[in-house]
Amino acid sequence: MQIRLATTTLLLASTLVMACGQAEPQQPPAGAGATAFEGARVIVGDGSDPIENATIIVRDGRIEQVGAGVAVPEGATRVSLAGKTVMPGIVDAHVHLRSQMRDQLVEDLQRRAYYGVVAAQSMGQDQGDVPYQVRTESTTMPNAARFQTAGRGITMPEPGRTEVPIWVSTEAEARAAVQDNAKRKVDIIKIWVDDRDNKFKKLTPELYGAIIDEAHKNGLRVTAHIFELEDAKGLLKAGLDAFAHGVRDRDIDEEFVAMYKARPEVILVPNLPGRGVKTDLSWVSETVPAGEVEKLQAANAKDDPEAQKAFGIQARNLAKLNSLGVKIAMGTDGNTPYGPHVEMADMVAAGMTPHQVIVAATRNSAEVMKLTDLGTVAAGKSADFVVLDANPLDDITNTRRINAVYIRGAAVDRAALRTRFSGQATE
Ligand SMILES: [Zn+2]
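How each quantity is defined
Residues numbered from 1 in each chain as written. Predicted model: local features only at pLDDT ≥ 70, side-chain atom pairs only at ≥ 80, totals over all residues. Helix = DSSP H or I, 4+ residues; strand = E, 2+ residues; numbered from the N terminus. Buried ≥ 20, exposed ≤ 12 C-beta atoms within 10 Å, placed from the backbone. Contact = placed C-beta atoms within 7 Å. Pairing = 2+ DSSP bridges. Axes fitted to C-alpha atoms, helices over the stretch in contact; angles between N-to-C directions. Core = buried A, V, L, I, M, F, W, Y, C linked by C-beta atoms within 7 Å. Left-handed = near helix turned anticlockwise from the far one by under 90°. pLDDT = per-residue confidence, 0-100. Parallel < 35°, antiparallel > 145°, perpendicular 65-115°, else oblique. Nonpolar A, V, L, I, M, F, W, Y, C, P; charged D, E, K, R; others polar.

Quick rundown of the overall build of the chain? Include the residues and the values.
Within the chain, the regular secondary structure consists of 12 helices and 17 strands. If one aligns the C-alpha atoms of the chain with their principal axes, the spans along those axes are about 95 × 50 × 50 Å. The buried share of the chain, reckoned over its 427 residues, is 42%. Within the chain, counting contacts between residues at least 6 apart in sequence, those at least 24 apart form 72% of the total.

Mind laying out the sheet that holds strand 7 (residues 117-122), listing which residues take part and the relevant values?
Taken together, 3 strands build an open sheet; the order of strands is 6-7-8 and the sheet is parallel. The open sheet has two edge strands with one neighbour each: strand 6 (90-95) and strand 8 (146-149). Averaged over all pairs of adjacent strands, the angle between their axes in this sheet comes to 15°, without regard to strand direction. Across 4 bridges, strand 6 lies against strand 7 in parallel orientation. Looking at strand 7, one finds that D92 is bridged to A120. Sitting on the sheet, helix 2 (residues 102-114) touches strand 6, strand 7 and strand 8, and the angle it makes with strand 7 is about 140°.

Quick rundown of the environment of D333? Include the residues and the values.
By the secondary structure assignment, D333 is in the loop between helix 9 (305-323) and helix 10 (339-349). Residue classification places D333 among the buried positions, given that 20 C-beta atoms sit within 10 Å. Along the chain, D333 and A390 lie 57 residues apart, while their C-alpha atoms are 27 Å from each other.

Tell me about the nonpolar core, and please be specific about residues and values.
The tendency in soluble globular proteins is for nonpolar side chains to be buried side by side. The biggest cluster of nonpolar side chains holds 113 residues, and the ones touching the most others in it are I189 and I211. In terms of residue count, the dominant contributor to this core is helix 11 (residues 354-368) (7 residues). Sequence-distant contacts of I211, that is, excluding residues within four places in its chain, are made with I154, A174, V178, I189, I191 and V222.

Quick rundown of the packing of helix 4 (residues 171-183) against helix 5 (residues 205-217)? Include the residues and the values.
Packing of helix 4 against helix 5 leaves a shortest axis separation of 9 Å and a crossing angle of 35°. In this structure, the crossing between helix 4 and helix 5 has a hand that is right-handed. Contacts from E171, A174, R175, V178 and Q179 of helix 4 reach helix 5 at E206, L207, A210, I211, E214 and A215.

Could you give me a rundown of the confidence of the model for the chain, with the residues and numbers involved?
In the predicted model, the chain carries a mean pLDDT of 93, and 93% of its residues have values of at least 70. The model gives residues 1-21 a pLDDT under 50, and that stretch makes 1 contact with residues more than four places away or in other chains.

Which residues make up the packing of helix 6 (residues 229-238) against helix 7 (residues 254-262), and what values do they have?
Contact geometry of helix 6 with helix 7 gives a least axis separation of 10 Å together with a crossing angle of 25°. Comparing their axes, helix 7 and helix 6 come out roughly parallel. Of the two elements, helix 6 crosses helix 7, and the hand of that crossing is left-handed. Along its contact with helix 6, which presents L229, A232, K233 and L236, the element helix 7 presents E255, F256, M259 and Y260. Each residue belonging to the contact of helix 6 with helix 7 can be placed in one class, and the counts come to 6 nonpolar, no polar and 2 charged.

Any chance you could break down unusual backbone geometry for me, citing the residues and the numbers?
Non-glycine residue R196 carries a positive phi angle of around 50°. Of note, R196 is situated in the loop between strand 11 (189-193) and helix 5. Phi is positive for D333, which is not a glycine, with a value near 55°.

Help me get a handle on the environment of G325, residues and values and all.
One can find G325 in the loop between helix 9 and helix 10. It is 8.3 Å that separates the C-alpha atoms of G325 and P264, two residues lying 61 residues apart in sequence.

Summarise the pairing of strand 1 (residues 34-42); cite the residues concerned and give the values.
Looking along a regular strand, one sees side chains alternate from face to face of the sheet. The pairing of strand 1 with strand 2 (residues 51-59) spans 7 bridges and is classified as antiparallel. The partner of V42 across the bridge, within strand 2, is I51. As judged from the 4 bridges shared by strand 1 and strand 4 (residues 77-80), these two strands associate in the parallel manner. Its bridge partner being in strand 4, F37 is matched across the sheet by V79. Taken together, the 2 bridges between strand 1 and strand 5 (residues 85-88) define a ladder with parallel strand orientation. Bridge pairing in strand 5 links V42 to V86.

With reference to specific residues and values, describe the environment of R248.
You can see R248 is positioned in the loop between strand 13 (242-243) and helix 7. It is 6.0 Å that separates the C-alpha atoms of R248 and E228, two residues lying 20 residues apart in sequence. R248 has contacts with F227, I313 and Q314, leaving out every residue within four places of it along the chain.

As structure tokens, then:
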């Protein structure tokens with residue numbers, strides 16, 4: 001009994017001490033737990049002028065403040081980025097990762113993070129549960145890009161090609177295919193409208209019309225793989241939301257331009273083909289083993305007039321739509337983790353300015369993926385950004401001169417990834 005009383009007294013006493021302590025102004029300093037990145041030029045990603053000598057305050061994985069002359073709160077960790085340029089994390093709105101096996105998917109996302117790509121959208125060749133599980137995991141997974149998926153894309157039957165997409169031949173099948181994907185909670189509906197050099201029938205206006213209608217009823221947007229101008233027109237008429245490629249068979253005409261002007265909300269992911277010119281890819285040797293770099297270099301060692309012609313059509317089409325103010329995003333269509341850096345240079349070669357291309361590859365691509373917390377270096381956004389040793393507004397290939405990549409405020413462990421991927425690990 002006595003012991004109990006003593007304990008109670010002690011408890012009361014300590015509660016009183018704590019209460020008194022709380023009354024005193026002894027909060028931790030305002031900057032505790034925050035990081036201040038100081039001195040960099042910041043390319044915001046919305047097309048506004050870069051901020052020189054900026055300070056970025058990051059807390060709990062989010063950007064709290066960005067600007068020149070932002071005061072660093074007491075107690076914040078300070079990181080000097082003097083002489084560097086910061087741009088938003090790159091978003092690749094059109095990829096196809098290796099497989100449906102978790103480890104490979106995760107590695108593909110890590111390879112992207114190494115190159116400053118903080119989100120990637122898989123376009124229609126995902127089946128089973130694993131891609132959806134990885135999508136969820138990727139929102140918190142360190143050293144990896146965020147993942148989204150179009151699930152199983154929709155096409156007319158293409159015997160001999162991949163059977164992962166859903167093949168449809170009737171309107172009922174088309175609507176059912178959308179509903180299947182909607183149940184899976186895909187991020188976007190992908191369709192292919194392409195006869196693959198006259199080998200197959202392509203989706204008819206009746207079928208893609210039904211797909212777009214059903215998708216919209218289910219709150220989903222539709223993006224289309226296209227090749228021909230006529231299909232691009234039909235799809236615009238049918239209410240398409242985004243193009244996963246530019247028009248590839250010919251130069252666009254005034255009718256298409258007028259149609260596009262009437263639907264300015266439709267986003268174009270141009271997805272340019274190779275330029276067909278001699279290209280130096282030695283810069284990828286940080287993650288690509290030497291033997292493979294040699295092969296890549298050999299494949300890009302000389303000019304290819306046919307490829308140049310194909311690039312020319314798409315480049316002119318892109319330049320024209322860009323000059324009209326069409327909203328352009330960025331996608332690479334494949335599984336090349338460093339591909340966005342090549343694509344961005346191709347987009348500049350097509351006639352966009354480096355600044356326009358950076359906006360396309362960050363804010364606009366995040367918009368395609370509806371990732372409202374990515375795409376710009378701005379207060380309230382996730383702290384996903386790339387630190388560069390040189391200014392990409394001067395030369396777009398400076399996006400390759402990566403000093404550091406931050407995802408949700410944490411530095412990607414590029415040294416560890418480089419060791420793993422370059423095949424130089426001593427085990
Ligand atoms: Zn694709």
